[in-house]
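Here is how the chains run, residue by residue.
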Amino acid sequence: AAGVIQSPRHLIKEKRETATLKCYPIPRHDTVYWYQQGPGQDPQFLISFYEKMQSDKGSIPDRFSAQQFSDYHSELNMSSLELGDSALYFCASSPSSSSTDTQYFGPGTRLTVL
Amino acid sequence: AQSVTQLDSQVPVFEEAPVELRCNYSSSVSVYLFWYVQYPNQGLQLLLKYLSGSTLVESINGFEAEFNKSQTSFHLRKPSVHISDTAEYFCAVRKPSSNTGKLIFGQGTTLQVKP
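Thresholds, definitions, all that
Residues numbered from 1 in each chain as written. Chains lettered and ligands numbered in written order. Predicted model: local features only at pLDDT ≥ 70, side-chain atom pairs only at ≥ 80, totals over all residues. Heavy atoms only, no water. Pairing = 2+ DSSP bridges. Helix = DSSP H or I, 4+ residues; strand = E, 2+ residues; numbered from the N terminus. Axes fitted to C-alpha atoms, helices over the stretch in contact; angles between N-to-C directions. Contact = heavy atoms within 4.5 Å. Salt bridge = Lys/Arg side-chain N within 4 Å of Asp/Glu carboxyl O. Polar contact = N/O pair within 3.5 Å; in protein donor to acceptor, adjacent residues only side chain to side chain. Phe/Tyr/Trp six-rings, centres within 6.5 Å; stacked < 30°, edge-to-face > 60°. Buried < 20%, exposed > 50% of the residue type's maximum accessible area, 1.4 Å probe, protein only. Lys NZ or Arg CZ within 6 Å of the ring centre and 35° of its normal. Disulfide = S-S within 2.5 Å.

A.B. asks: It is not clear to me how the sheet that holds strand β3 (residues 19–24) of chain A should be interpreted in this structure. Could you clarify?
C.D. replies: The strands making up a sheet associate through backbone hydrogen bonding, with each pair oriented either parallel or antiparallel. Residue and element names in this part refer to chain A. Read across the sheet, four strands follow the order β1-β3-β8-β7 without closing on themselves; strand pairing throughout is antiparallel. Each having just a single partner strand, β1 (5–7) and β7 (64–68) make up the two edges of the open sheet. With strand direction ignored, the average angle separating the axes of adjacent strands in the sheet is 15°. For β7 and strand β8 (residues 74–78), the ladder comprises five bridges, and the chain directions are antiparallel. By the bridge assignment for β8, Q67 is matched with E75.

In C-alpha coordinates form, the structure reads like this:
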(Lines give C-alpha, C1' and ligand atoms only; values in the text may rest on other atoms or scores of the structure.)
Protein backbone atom coordinates (compact mmCIF):
# COMPACT_ATOMS: atom_id res chain seq x y z
CA ALA A 1 0.00 0.00 0.00
CA ALA A 2 1.15 3.52 -0.72
CA GLY A 3 2.63 5.39 2.20
CA VAL A 4 3.45 8.97 3.01
CA ILE A 5 6.51 10.13 1.10
CA GLN A 6 8.86 12.75 2.41
CA SER A 7 11.75 14.32 0.62
CA PRO A 8 14.55 14.74 1.08
CA ARG A 9 15.24 12.10 3.70
CA HIS A 10 18.34 13.91 4.90
CA LEU A 11 19.30 17.55 4.61
CA ILE A 12 22.33 19.41 5.82
CA LYS A 13 22.28 23.19 5.92
CA GLU A 14 24.35 26.00 7.34
CA LYS A 15 23.04 28.53 9.85
CA ARG A 16 20.95 31.27 8.29
CA GLU A 17 20.23 29.21 5.19
CA THR A 18 16.77 28.14 4.04
CA ALA A 19 15.32 24.68 3.65
CA THR A 20 12.24 23.25 2.00
CA LEU A 21 10.78 19.93 3.10
CA LYS A 22 8.20 18.16 1.01
CA CYS A 23 5.44 15.76 1.93
CA TYR A 24 3.32 13.66 -0.38
CA PRO A 25 0.32 12.22 1.45
CA ILE A 26 -1.29 8.88 0.84
CA PRO A 27 -3.60 9.11 -2.21
CA ARG A 28 -7.07 10.44 -1.35
CA HIS A 29 -5.87 11.81 1.99
CA ASP A 30 -6.75 15.48 2.20
CA THR A 31 -5.27 16.30 5.59
CA VAL A 32 -1.59 16.80 6.35
CA TYR A 33 0.17 17.34 9.67
CA TRP A 34 3.75 18.42 10.34
CA TYR A 35 5.63 17.46 13.50
CA GLN A 36 9.13 18.24 14.73
CA GLN A 37 11.06 15.73 16.82
CA GLY A 38 14.24 17.06 18.41
CA PRO A 39 17.00 14.67 19.55
CA GLY A 40 15.63 12.47 22.31
CA GLN A 41 12.37 14.41 22.33
CA ASP A 42 8.76 13.59 21.63
CA PRO A 43 7.21 14.82 18.38
CA GLN A 44 5.78 18.32 18.63
CA PHE A 45 2.95 19.47 16.42
CA LEU A 46 3.81 22.33 14.08
CA ILE A 47 0.96 22.90 11.67
CA SER A 48 -1.82 21.12 9.80
CA PHE A 49 -3.80 21.54 6.61
CA TYR A 50 -7.19 20.32 5.53
CA GLU A 51 -8.33 20.73 1.95
CA LYS A 52 -5.45 23.13 1.25
CA MET A 53 -6.36 25.43 4.12
CA GLN A 54 -4.45 25.75 7.35
CA SER A 55 -6.52 24.03 10.01
CA ASP A 56 -4.36 24.40 13.11
CA LYS A 57 -1.08 25.86 14.19
CA GLY A 58 1.17 24.73 16.99
CA SER A 59 4.57 25.80 18.18
CA ILE A 60 5.85 26.76 14.76
CA PRO A 61 8.40 29.58 14.62
CA ASP A 62 7.59 32.63 12.52
CA ARG A 63 10.62 31.73 10.39
CA PHE A 64 8.74 28.68 9.20
CA SER A 65 5.86 28.64 6.77
CA ALA A 66 3.95 25.88 5.10
CA GLN A 67 1.26 25.29 2.57
CA GLN A 68 -0.74 22.55 0.95
CA PHE A 69 -1.06 22.52 -2.81
CA SER A 70 -3.86 21.55 -5.15
CA ASP A 71 -2.53 17.99 -5.41
CA TYR A 72 -2.55 17.85 -1.58
CA HIS A 73 1.19 17.65 -1.21
CA SER A 74 2.61 19.99 1.37
CA GLU A 75 5.83 21.92 1.79
CA LEU A 76 7.43 23.24 4.95
CA ASN A 77 9.67 26.23 4.29
CA MET A 78 12.24 27.11 6.91
CA SER A 79 14.29 30.29 6.74
CA SER A 80 17.15 31.76 8.79
CA LEU A 81 17.95 28.30 10.06
CA GLU A 82 19.31 27.99 13.57
CA LEU A 83 21.25 25.19 15.22
CA GLY A 84 18.17 24.38 17.29
CA ASP A 85 16.20 23.58 14.15
CA SER A 86 18.18 20.37 13.80
CA ALA A 87 15.55 17.68 14.18
CA LEU A 88 13.54 14.99 12.51
CA TYR A 89 10.55 16.47 10.71
CA PHE A 90 7.59 14.19 10.23
CA CYS A 91 4.67 14.59 7.95
CA ALA A 92 1.50 12.62 8.56
CA SER A 93 -1.63 12.32 6.48
CA SER A 94 -5.16 11.19 7.21
CA PRO A 95 -8.27 10.62 5.09
CA SER A 96 -9.98 13.65 6.61
CA SER A 97 -9.65 16.08 9.46
CA SER A 98 -11.82 13.90 11.69
CA SER A 99 -10.18 13.21 15.00
CA THR A 100 -11.14 9.54 14.71
CA ASP A 101 -9.02 9.09 11.59
CA THR A 102 -5.62 7.49 11.96
CA GLN A 103 -2.63 9.63 11.11
CA TYR A 104 -0.14 7.82 8.91
CA PHE A 105 3.40 9.05 9.33
CA GLY A 106 6.11 9.35 6.75
CA PRO A 107 9.70 8.26 7.40
CA GLY A 108 10.73 11.80 8.23
CA THR A 109 13.31 14.27 7.00
CA ARG A 110 16.38 14.59 9.17
CA LEU A 111 17.56 18.18 9.09
CA THR A 112 21.01 18.99 10.38
CA VAL A 113 21.97 22.63 10.75
CA LEU A 114 25.69 23.29 11.06
CA ALA B 1 -4.97 21.71 27.53
CA GLN B 2 -3.99 18.09 27.30
CA SER B 3 -0.73 16.50 28.39
CA VAL B 4 0.73 13.02 28.43
CA THR B 5 3.21 11.55 30.86
CA GLN B 6 5.09 8.36 30.18
CA LEU B 7 6.44 7.31 33.51
CA ASP B 8 9.43 5.32 32.31
CA SER B 9 12.01 6.62 29.87
CA GLN B 10 13.62 3.20 29.46
CA VAL B 11 12.32 -0.29 30.12
CA PRO B 12 14.84 -3.14 29.82
CA VAL B 13 13.33 -6.61 29.71
CA PHE B 14 14.42 -10.10 28.75
CA GLU B 15 12.98 -11.84 25.73
CA GLU B 16 9.73 -13.73 26.42
CA ALA B 17 9.12 -11.77 29.61
CA PRO B 18 5.98 -9.65 30.08
CA VAL B 19 6.20 -5.88 29.85
CA GLU B 20 4.10 -2.86 30.76
CA LEU B 21 4.73 0.64 29.47
CA ARG B 22 2.93 3.22 31.52
CA CYS B 23 1.05 6.22 30.22
CA ASN B 24 -1.00 8.79 32.11
CA TYR B 25 -2.79 11.73 30.61
CA SER B 26 -4.29 14.95 31.82
CA SER B 27 -7.28 16.56 30.17
CA SER B 28 -10.34 18.53 31.17
CA VAL B 29 -12.29 16.89 28.36
CA SER B 30 -12.53 13.36 27.07
CA VAL B 31 -9.77 12.34 24.70
CA TYR B 32 -8.87 9.70 22.21
CA LEU B 33 -5.78 7.69 23.13
CA PHE B 34 -3.07 6.19 20.95
CA TRP B 35 0.11 4.20 21.13
CA TYR B 36 2.67 4.67 18.36
CA VAL B 37 5.88 2.72 17.87
CA GLN B 38 9.04 4.09 16.30
CA TYR B 39 11.71 1.66 15.14
CA PRO B 40 15.25 3.03 14.67
CA ASN B 41 15.50 5.47 11.78
CA GLN B 42 11.85 5.04 10.88
CA GLY B 43 8.65 7.01 11.18
CA LEU B 44 5.90 6.47 13.71
CA GLN B 45 3.52 3.58 13.23
CA LEU B 46 0.15 3.30 14.93
CA LEU B 47 0.11 0.36 17.32
CA LEU B 48 -3.41 0.71 18.70
CA LYS B 49 -5.99 3.29 19.62
CA TYR B 50 -8.92 3.84 21.94
CA LEU B 51 -11.82 5.94 20.68
CA SER B 52 -14.79 4.50 22.53
CA GLY B 53 -16.42 1.23 23.51
CA SER B 54 -14.46 -1.59 25.09
CA THR B 55 -11.73 -0.20 27.29
CA LEU B 56 -9.36 -2.98 26.27
CA VAL B 57 -7.87 -2.61 22.81
CA GLU B 58 -5.51 -4.99 21.08
CA SER B 59 -2.98 -4.80 18.29
CA ILE B 60 -2.23 -7.47 15.72
CA ASN B 61 1.21 -8.19 17.17
CA GLY B 62 0.18 -9.10 20.69
CA PHE B 63 0.16 -5.72 22.43
CA GLU B 64 -2.87 -4.53 24.33
CA ALA B 65 -3.77 -1.37 26.22
CA GLU B 66 -6.51 -0.64 28.70
CA PHE B 67 -8.19 2.71 29.07
CA ASN B 68 -8.82 3.53 32.72
CA LYS B 69 -10.83 6.72 33.03
CA SER B 70 -10.68 6.96 36.80
CA GLN B 71 -6.91 6.68 36.80
CA THR B 72 -6.53 8.60 33.52
CA SER B 73 -4.21 5.89 32.27
CA PHE B 74 -3.66 3.97 29.07
CA HIS B 75 -0.91 1.48 29.87
CA LEU B 76 0.50 -0.75 27.15
CA ARG B 77 1.16 -4.42 27.87
CA LYS B 78 2.50 -7.50 26.16
CA PRO B 79 2.61 -10.89 27.86
CA SER B 80 5.76 -12.06 26.05
CA VAL B 81 8.13 -9.73 24.19
CA HIS B 82 10.43 -10.49 21.28
CA ILE B 83 13.75 -8.99 20.32
CA SER B 84 11.98 -7.33 17.40
CA ASP B 85 9.82 -5.32 19.83
CA THR B 86 12.85 -3.21 20.69
CA ALA B 87 11.79 0.32 19.77
CA GLU B 88 10.60 3.67 21.08
CA TYR B 89 6.97 3.75 22.14
CA PHE B 90 4.93 6.94 22.29
CA CYS B 91 1.60 7.43 23.97
CA ALA B 92 -0.52 10.23 22.51
CA VAL B 93 -3.87 11.93 22.99
CA ARG B 94 -6.16 13.80 20.71
CA LYS B 95 -9.28 15.86 21.32
CA PRO B 96 -12.44 14.39 19.86
CA SER B 97 -14.80 16.41 17.71
CA SER B 98 -12.44 19.21 16.92
CA ASN B 99 -11.46 20.61 13.59
CA THR B 100 -7.89 19.71 14.26
CA GLY B 101 -6.57 16.26 14.81
CA LYS B 102 -3.20 17.15 16.22
CA LEU B 103 -1.64 14.53 18.42
CA ILE B 104 -0.04 15.41 21.72
CA PHE B 105 2.71 12.96 22.53
CA GLY B 106 4.33 11.79 25.70
CA GLN B 107 8.08 11.78 26.12
CA GLY B 108 8.45 8.24 24.85
CA THR B 109 9.61 4.98 26.41
CA THR B 110 12.50 3.00 25.01
CA LEU B 111 11.79 -0.71 25.23
CA GLN B 112 15.02 -2.70 25.20
CA VAL B 113 14.48 -6.42 24.80
CA LYS B 114 17.52 -8.49 25.72
CA PRO B 115 18.18 -12.07 24.62
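A.B. asks: Just checking my understanding: could you explain the interface of chain A and chain B for this structure?
C.D. replies: Much of the literature gives interface size as the accessible area that the parts lose upon coming together. Taken together, the contacts link 24 residues of chain A with 25 residues of chain B. Linking chain A to chain B there are one salt bridge. Linking K102(B) and D56(A) is a salt bridge whose minimum nitrogen-to-oxygen distance equals 3.8 Å. Summed over the shared surface of chain A and chain B, the result is six residue pairs in polar contact (both at pLDDT 80 or more).

A.B. asks: Help me understand the packing of aromatic side chains, please; the structure alone is not making it clear to me.
C.D. replies: Aromatic rings in a pair are described by how distant their centres are and how their planes are angled relative to each other. In total, this model carries 12 aromatic pairs over all chains according to the counting rule given. On the numbers, 6.2 Å between centres and 85° between planes, the contact of F90(A) with F105(A) is edge-to-face. You can see F90(A) sitting in strand β9 (residues 87–94) and its partner F105(A) sitting in strand β10 (residues 104–105), a full 15 residues away along the chain. Of the two residues, F90(A) and F105(A), both sit in the buried class. With a centroid separation of 6.1 Å and 85° between ring planes, the pair formed by F90(B) and F105(B) is classed as edge-to-face. Residue F90(B) is found in strand β10 (residues 87–94), and its partner F105(B) is found in strand β11 (residues 104–105); the two are separated by 15 residues along the sequence. Across the pair, F105(B) and F90(B) agree in class, each one buried. Here a set of aromatic residues connected by ring pairs shows up, and it is made of Y35(A), F45(A), F90(A), F105(A), F34(B), Y36(B), F90(B) and F105(B). Above the ring of F14(B), the side-chain terminus of K114(B) is found at 5.9 Å from the ring centroid.

A.B. asks: What should I look at first to understand the state of the cysteines in this one?
C.D. replies: Covalent bonding between the sulfur atoms of two cysteines defines a disulfide. Residue and element names in this part refer to chain A. Applying the stated criterion to the full structure yields two disulfides over all chains. Between C23 and C91 runs a disulfide, and the two sulfur atoms are separated by 1.7 Å. Sign of the S-S torsion, about -50° for the bond between C23 and C91, identifies this disulfide as left-handed. Pair noted here: C23 is in strand β3 and C91 is in strand β9, with a separation of 68 residues, a long-range link. By relative accessible area, C23 is classed as buried at 0%.

A.B. asks: What is the right way to read unusual backbone geometry from this model?
C.D. replies: When glycine is set aside, most residues are seen to have a negative phi, and most peptide bonds are trans. Of note, the bond from S7(A) into P8(A) is cis; its omega dihedral lies within 30 degrees of zero at -10°. Along the chain, the position of P8(A) falls in the loop between β1 and β2 (10–13). Unusually for a residue other than glycine, K52(A) sits at a positive phi of about 70°. Tracing the sequence through the fold places K52(A) in the loop between β5 (44–50) and β6 (53–57). Even without being a glycine, E16(B) presents a positive backbone phi close to 75°.

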